[in-house]
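What follows is the residue order along each chain.
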Amino acid sequence: MTRIGLLSDTHGYLDEAIFTHFDRCDEIWHAGDFGDMAVADTLSAFKPLKGVFGNIDGSVIRNSYPENLRFRCEAVNVWMTHIGGYPGRYSLQVKQEIQRHPPQLFISGHSHILKVMYDQKLQCLHLNPGAAGKQGWHKVRTLLRFSIDDNRIENLEVIELAVR
(Lines give C-alpha, C1' and ligand atoms only; values in the text may rest on other atoms or scores of the structure.)
Protein backbone atom coordinates (compact mmCIF):
# COMPACT_ATOMS: atom_id res chain seq x y z
CA MET A 1 0.00 0.00 0.00
CA THR A 2 1.19 3.50 -0.90
CA ARG A 3 -0.15 6.50 1.02
CA ILE A 4 -0.36 9.71 -1.04
CA GLY A 5 -0.62 13.36 -0.04
CA LEU A 6 -2.00 15.41 -2.96
CA LEU A 7 -1.91 19.18 -3.29
CA SER A 8 -1.93 21.84 -5.97
CA ASP A 9 -1.78 25.57 -6.51
CA THR A 10 0.53 26.47 -3.64
CA HIS A 11 1.61 29.62 -5.49
CA GLY A 12 4.78 29.87 -3.40
CA TYR A 13 3.09 29.29 -0.03
CA LEU A 14 3.42 26.16 2.14
CA ASP A 15 1.28 25.97 5.26
CA GLU A 16 3.19 24.22 8.07
CA ALA A 17 0.10 22.05 8.70
CA ILE A 18 0.80 20.27 5.40
CA PHE A 19 3.72 18.48 7.02
CA THR A 20 1.53 17.20 9.86
CA HIS A 21 -1.21 16.04 7.48
CA PHE A 22 1.30 14.34 5.16
CA ASP A 23 3.54 12.92 7.87
CA ARG A 24 2.25 9.36 7.42
CA CYS A 25 2.24 9.57 3.60
CA ASP A 26 4.79 7.68 1.53
CA GLU A 27 4.77 10.21 -1.34
CA ILE A 28 3.58 13.73 -2.09
CA TRP A 29 2.10 14.59 -5.47
CA HIS A 30 1.82 18.23 -6.57
CA ALA A 31 -0.54 19.01 -9.47
CA GLY A 32 1.13 22.25 -10.56
CA ASP A 33 1.47 25.95 -9.82
CA PHE A 34 4.24 25.40 -7.27
CA GLY A 35 4.97 29.13 -7.47
CA ASP A 36 8.69 28.76 -6.87
CA MET A 37 11.33 26.08 -6.60
CA ALA A 38 11.58 26.51 -2.81
CA VAL A 39 8.15 24.84 -2.48
CA ALA A 40 9.29 21.83 -4.52
CA ASP A 41 12.61 21.63 -2.68
CA THR A 42 10.94 21.77 0.74
CA LEU A 43 8.39 19.11 -0.17
CA SER A 44 10.97 16.81 -1.77
CA ALA A 45 13.22 17.09 1.29
CA PHE A 46 10.26 15.90 3.41
CA LYS A 47 8.93 13.03 1.24
CA PRO A 48 9.45 11.67 -2.29
CA LEU A 49 7.75 14.15 -4.64
CA LYS A 50 6.07 13.74 -8.02
CA GLY A 51 4.79 16.86 -9.73
CA VAL A 52 3.91 18.74 -12.89
CA PHE A 53 4.39 22.37 -13.75
CA GLY A 54 1.47 24.77 -13.85
CA ASN A 55 0.68 27.82 -15.90
CA ILE A 56 2.26 30.26 -13.39
CA ASP A 57 5.47 28.28 -12.98
CA GLY A 58 8.65 29.71 -14.46
CA SER A 59 11.49 28.10 -16.37
CA VAL A 60 13.27 26.60 -13.35
CA ILE A 61 10.21 24.53 -12.40
CA ARG A 62 9.35 23.80 -16.05
CA ASN A 63 12.87 22.40 -16.52
CA SER A 64 12.48 20.22 -13.42
CA TYR A 65 8.89 18.94 -13.79
CA PRO A 66 6.92 17.89 -16.89
CA GLU A 67 3.59 19.26 -18.10
CA ASN A 68 2.07 15.76 -18.08
CA LEU A 69 3.16 12.87 -15.92
CA ARG A 70 1.92 9.34 -16.68
CA PHE A 71 3.06 6.66 -14.26
CA ARG A 72 1.96 3.60 -12.30
CA CYS A 73 1.48 3.60 -8.57
CA GLU A 74 1.11 0.02 -7.46
CA ALA A 75 -1.23 -1.36 -10.18
CA VAL A 76 -3.00 1.96 -10.88
CA ASN A 77 -2.36 3.89 -14.09
CA VAL A 78 -2.10 7.58 -13.12
CA TRP A 79 -2.08 10.74 -15.24
CA MET A 80 -1.30 14.06 -13.59
CA THR A 81 -1.44 17.41 -15.37
CA HIS A 82 -2.19 20.94 -14.21
CA ILE A 83 -4.86 22.04 -16.68
CA GLY A 84 -6.98 18.97 -17.32
CA GLY A 85 -10.61 19.90 -16.83
CA TYR A 86 -12.94 17.29 -15.41
CA PRO A 87 -15.35 14.58 -16.60
CA GLY A 88 -17.53 15.86 -19.41
CA ARG A 89 -15.39 19.00 -19.69
CA TYR A 90 -11.81 17.89 -20.28
CA SER A 91 -9.42 20.54 -21.57
CA LEU A 92 -8.51 20.49 -25.25
CA GLN A 93 -4.91 19.61 -24.33
CA VAL A 94 -5.94 16.24 -22.84
CA LYS A 95 -9.33 15.40 -24.36
CA GLN A 96 -8.22 13.17 -27.25
CA GLU A 97 -5.52 11.35 -25.30
CA ILE A 98 -7.70 10.68 -22.25
CA GLN A 99 -10.39 9.21 -24.51
CA ARG A 100 -7.88 7.04 -26.40
CA HIS A 101 -5.87 5.92 -23.36
CA PRO A 102 -7.80 6.65 -20.17
CA PRO A 103 -5.93 6.27 -16.89
CA GLN A 104 -7.58 4.80 -13.83
CA LEU A 105 -6.74 7.96 -11.87
CA PHE A 106 -6.69 11.42 -13.47
CA ILE A 107 -5.34 14.30 -11.38
CA SER A 108 -5.45 17.98 -12.25
CA GLY A 109 -5.24 21.32 -10.49
CA HIS A 110 -5.67 24.85 -11.86
CA SER A 111 -9.33 25.51 -10.97
CA HIS A 112 -8.66 26.02 -7.23
CA ILE A 113 -11.89 24.03 -6.75
CA LEU A 114 -11.69 20.71 -4.93
CA LYS A 115 -13.37 17.98 -7.01
CA VAL A 116 -13.68 14.25 -6.61
CA MET A 117 -15.63 12.76 -9.52
CA TYR A 118 -15.89 9.40 -11.20
CA ASP A 119 -16.05 9.37 -14.99
CA GLN A 120 -18.38 6.46 -15.76
CA LYS A 121 -17.70 6.66 -19.48
CA LEU A 122 -13.91 6.32 -19.10
CA GLN A 123 -13.99 4.28 -15.87
CA CYS A 124 -11.62 6.84 -14.34
CA LEU A 125 -11.48 8.61 -10.97
CA HIS A 126 -10.82 12.34 -11.28
CA LEU A 127 -9.18 14.20 -8.38
CA ASN A 128 -8.51 17.92 -8.05
CA PRO A 129 -7.19 18.79 -4.59
CA GLY A 130 -8.26 22.43 -4.82
CA ALA A 131 -5.67 25.02 -3.80
CA ALA A 132 -3.27 24.85 -0.85
CA GLY A 133 -1.93 28.37 -1.37
CA LYS A 134 -3.27 31.79 -0.47
CA GLN A 135 -3.62 33.26 -3.98
CA GLY A 136 -6.77 32.77 -6.02
CA TRP A 137 -10.53 32.77 -5.73
CA HIS A 138 -10.96 29.73 -3.47
CA LYS A 139 -12.47 30.30 -0.03
CA VAL A 140 -10.81 27.39 1.83
CA ARG A 141 -7.32 25.96 1.29
CA THR A 142 -7.56 22.19 0.73
CA LEU A 143 -5.54 18.98 0.30
CA LEU A 144 -6.37 15.35 -0.41
CA ARG A 145 -4.92 12.26 1.20
CA PHE A 146 -5.56 8.68 0.01
CA SER A 147 -4.05 5.24 -0.37
CA ILE A 148 -3.42 3.03 -3.35
CA ASP A 149 -3.41 -0.67 -2.58
CA ASP A 150 -2.72 -2.78 -5.65
CA ASN A 151 -5.44 -1.62 -8.08
CA ARG A 152 -7.67 0.06 -5.47
CA ILE A 153 -7.81 3.74 -4.54
CA GLU A 154 -8.93 3.85 -0.92
CA ASN A 155 -9.30 5.94 2.22
CA LEU A 156 -9.75 9.25 0.41
CA GLU A 157 -9.80 12.18 2.83
CA VAL A 158 -10.47 15.86 2.19
CA ILE A 159 -8.37 18.10 4.42
CA GLU A 160 -9.33 21.72 4.96
CA LEU A 161 -6.31 23.74 6.02
CA ALA A 162 -7.94 27.09 6.72
CA VAL A 163 -10.01 29.88 5.27
CA ARG A 164 -7.95 31.77 2.72
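Everything below is about the structure shown above.
This text gives an overview of the structure that appears in the document. (Residues numbered from 1 in each chain as written. Predicted model: local features only at pLDDT ≥ 70, side-chain atom pairs only at ≥ 80, totals over all residues. Heavy atoms only, no water.)

Right, let's get into the environment of R24. If you trace the backbone, R24 turns up in the loop between α1 (17-21) and β2 (27-30). When the C-alpha atoms of R24 and K47 are compared, they prove to be 9.8 Å apart, with 23 residues separating the residues in sequence. (Helix = DSSP H or I, 4+ residues; strand = E, 2+ residues; numbered from the N terminus.)

Taken in spatial order, the five strands of this open sheet run β4-β5-β8-β10-β9, and their pairing is mixed. The open sheet terminates on both sides in strands that have one partner only, identified here as β4 (68-73) and β9 (114-119). Here the strands of the sheet are splayed against their neighbours by 15 degrees on average, with no regard to which way each runs. Sheet analysis places strand β8 (residues 105-107) next to strand β10 (residues 124-129), joined by three bridges and oriented parallel. Within β10, the residue paired with L105 across the bridge is L125. Running at roughly 170 degrees to strand β5 (residues 76-81), helix α4 (residues 92-100) makes contact with β4, β5 and β8 of the sheet. (Pairing = 2+ DSSP bridges. Axes fitted to C-alpha atoms, helices over the stretch in contact; angles between N-to-C directions. Contact = heavy atoms within 4.5 Å.)

One pass over the structure, following the stated rule, counts eight salt bridges. A salt bridge links E27 to K50; the shortest N-O distance between them is 3.4 Å. On the criterion of sequence distance, the pair formed by E27 in strand β2 and K50 in strand β3 (residues 49-51) is long-range, its members being 23 residues apart. Overall, the relative accessible area of 24% leaves K50 in the partly exposed class. (Salt bridge = Lys/Arg side-chain N within 4 Å of Asp/Glu carboxyl O. Buried < 20%, exposed > 50% of the residue type's maximum accessible area, 1.4 Å probe, protein only.)

Our focus in this paragraph is the sheet that holds β2. Overall, mixed pairing links the five strands, which are arranged β3-β2-β1-β11-β12 in an open sheet. Unpaired on one side and paired on the other, β3 and β12 (152-163) mark the two borders of the sheet. Sheet twist, expressed as the mean angle between neighbouring strand axes with direction ignored, is 20 degrees. Where strand β1 (residues 2-7) and strand β11 (residues 140-149) come together, five bridges link them in antiparallel fashion. Bridge pairing in β11 links T2 to I148. Sheet strands touched by helix α2 (residues 37-46): β1, β2 and β3. Its angle to β2, the strand with the most contacts, is close to 160 degrees.

A separate point is the environment of F71. Positionally, F71 belongs in strand β4. Separated by 21 residues in the primary sequence, F71 and K50 have C-alpha atoms spaced 9.9 Å apart. Among residues more than four places away in sequence, those in contact with F71 are W29, K50, V76, N77, V78 and M80.

To continue, consider the nonpolar core. Counting residues in each nonpolar core, the largest one holds 19 residues, and the members touching the most others are L7, I18, L43 and L143. Counting residues per element, the ones that place at least two in this core are α1, α2 and β12. Take this core: its biggest share by element is three residues, from α2. Non-local contacts of L7, meaning those with residues more than four positions away in its chain, are made with L14, I18, F22, I28, W29, H30, A31, L43, P129, A132 and L143. Membership of the second largest hydrophobic core comes to 18 residues, among which are I4, L69, I107 and F146. (Core = buried A, V, L, I, M, F, W, Y, C linked by side-chain atoms within 4.5 Å.)

Turning to the packing of aromatic side chains, a few remarks are in order. As enumerated under the stated definition, the model contains six aromatic pairs in all. Relative to F106, the ring of W79 lies with its centre 5.4 Å away and its plane at 85 degrees, an arrangement referred to as edge-to-face. Here W79, found in strand β5, pairs with F106, found in strand β8; they are 27 residues apart in sequence, far enough to count as distant. Here W79 and F106 have matching classes, each one buried. Judged by centre distance (5.7 Å) and plane angle (85 degrees), the ring pair of Y90 and F106 falls under edge-to-face. In this pair, Y90 sits in strand β7 (residues 89-90) while F106 sits in strand β8, placing the two residues 16 residues apart along the sequence. A residue is classified by how much of its surface remains accessible, and F106, at 0% relative accessible area, is buried. Aromatic rings pair up to connect W29, F71 and F146 into one cluster. The ring centre of F46 lies 5.4 Å from the NZ or CZ of K47, which sits over that ring. One Lys or Arg, K115, reaches over the ring of Y86 and ends 4.3 Å from the middle of that ring. (Phe/Tyr/Trp six-rings, centres within 6.5 Å; stacked < 30°, edge-to-face > 60°. Lys NZ or Arg CZ within 6 Å of the ring centre and 35° of its normal.)

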